Amino acid sequence: LRCAVQWRKVSFGSRSAHGEIAVARLLTVTRTCRMQNREPLDYLGTAIRSHRNTHAVPSLLKTAPTTWTVTTHLYDIWRRLEVGADGGR
């Protein structure tokens, strides 16, 4: 983390408040992409093209199943356990 903070403080015009925010966001995107085994430059290129074409920018967040999906999945598991416990009767 310390290295990233030092880099942010002295690079790309980050001596302004707007520059610091921009660099912090780029570092966040880079780290998040690497944690998800994605190429940061591929993501950034796609995000910029999407923005320029007025399309939705791809999310960096992993999508979680909806509550209905989770509830349905848990119910299915419970039913399988219930059926297995009494031999399917």
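The rules behind each value
- Residues numbered from 1 in each chain as written.
- Predicted model: local features only at pLDDT ≥ 70, side-chain atom pairs only at ≥ 80, totals over all residues.
- Heavy atoms only, no water.
- Helix = DSSP H or I, 4+ residues; strand = E, 2+ residues; numbered from the N terminus.
- Buried < 20%, exposed > 50% of the residue type's maximum accessible area, 1.4 Å probe, protein only.
- Contact = heavy atoms within 4.5 Å.
- Expected span 1.5 Å × (residues − 1).
- Arc of directions from axis to C-beta.
- Core = buried A, V, L, I, M, F, W, Y, C linked by side-chain atoms within 4.5 Å.

Caption draft 1: Representation of the overall build of the protein chain in the model. Of the regular secondary structure elements, the protein chain holds four helices and zero strands. Secondary structure elements of the protein chain occur, N-terminal to C-terminal, as α-α-α-α. For the protein chain, buried positions account for 15% of its 89 residues. Put simply, 12% of the contacts in the protein chain that link residues at least 6 apart link residues at least 24 apart.

Caption draft 2: Here's a closer look at helix 2 (residues 17-35). Relative to the 27 Å expected for 19 residues at 1.5 Å per residue, helix 2 spans 27 Å between its end C-alpha atoms, a close match to the ideal helical length. Along helix 2, the positions that sit buried rather than exposed are Gly19, Val23, Val29 and Cys33. Relative to the axis of helix 2, the buried residues are bounded by an arc of 120 degrees and lie together on one face. Those residues of helix 2 that are exposed and angled more than 90 degrees off the buried face are Ala17, Arg25, Arg31 and Met35. Where helix 2 terminates, the next one or two residues include Asn37, which has phi positive at roughly 55 degrees.

Caption draft 3: Spatial organisation of the nonpolar core. If you look at the biggest cluster of nonpolar residues, it comprises five residues: Val29, Cys33, Tyr43, Ala47 and Leu60. Elements that contribute at least two residues to this core include exactly helix 2 and helix 3 (40-52). In this structure Val29 touches Tyr43, Leu44 and Leu60, once residues within four positions along its chain are discounted.

Caption draft 4: Region of the structure containing the environment of Pro40. Residue placement: Pro40 occurs in helix 3. Residues Pro40 and Leu27 lie 13 residues apart in sequence; the distance between their C-alpha atoms is 9.8 Å. In this structure, Pro40 is in contact with Thr30, Cys33 and Arg34, ignoring residues within four places of it in sequence.

Caption draft 5: Region of interest: helix 3. Relative to the 18 Å expected for 13 residues at 1.5 Å per residue, helix 3 spans 18 Å between its end C-alpha atoms, a close match to the ideal helical length. Of the positions making up helix 3, those classed as buried are Pro40, Tyr43, Gly45, Ala47 and Ser50. If you follow the buried residues of helix 3, they end up packed against helix 2. Taken from the residues just after helix 3, Thr54 is the one with a positive phi, measuring 55 degrees.

Caption draft 6: Up close: unusual backbone geometry. Although it is not a glycine, Asn37 adopts a positive phi angle of roughly 55 degrees. Along the chain, the position of Asn37 falls in the loop between helix 2 and helix 3. Residue Asn37 is classed as exposed on the basis of its relative accessible area, which comes to 76%.

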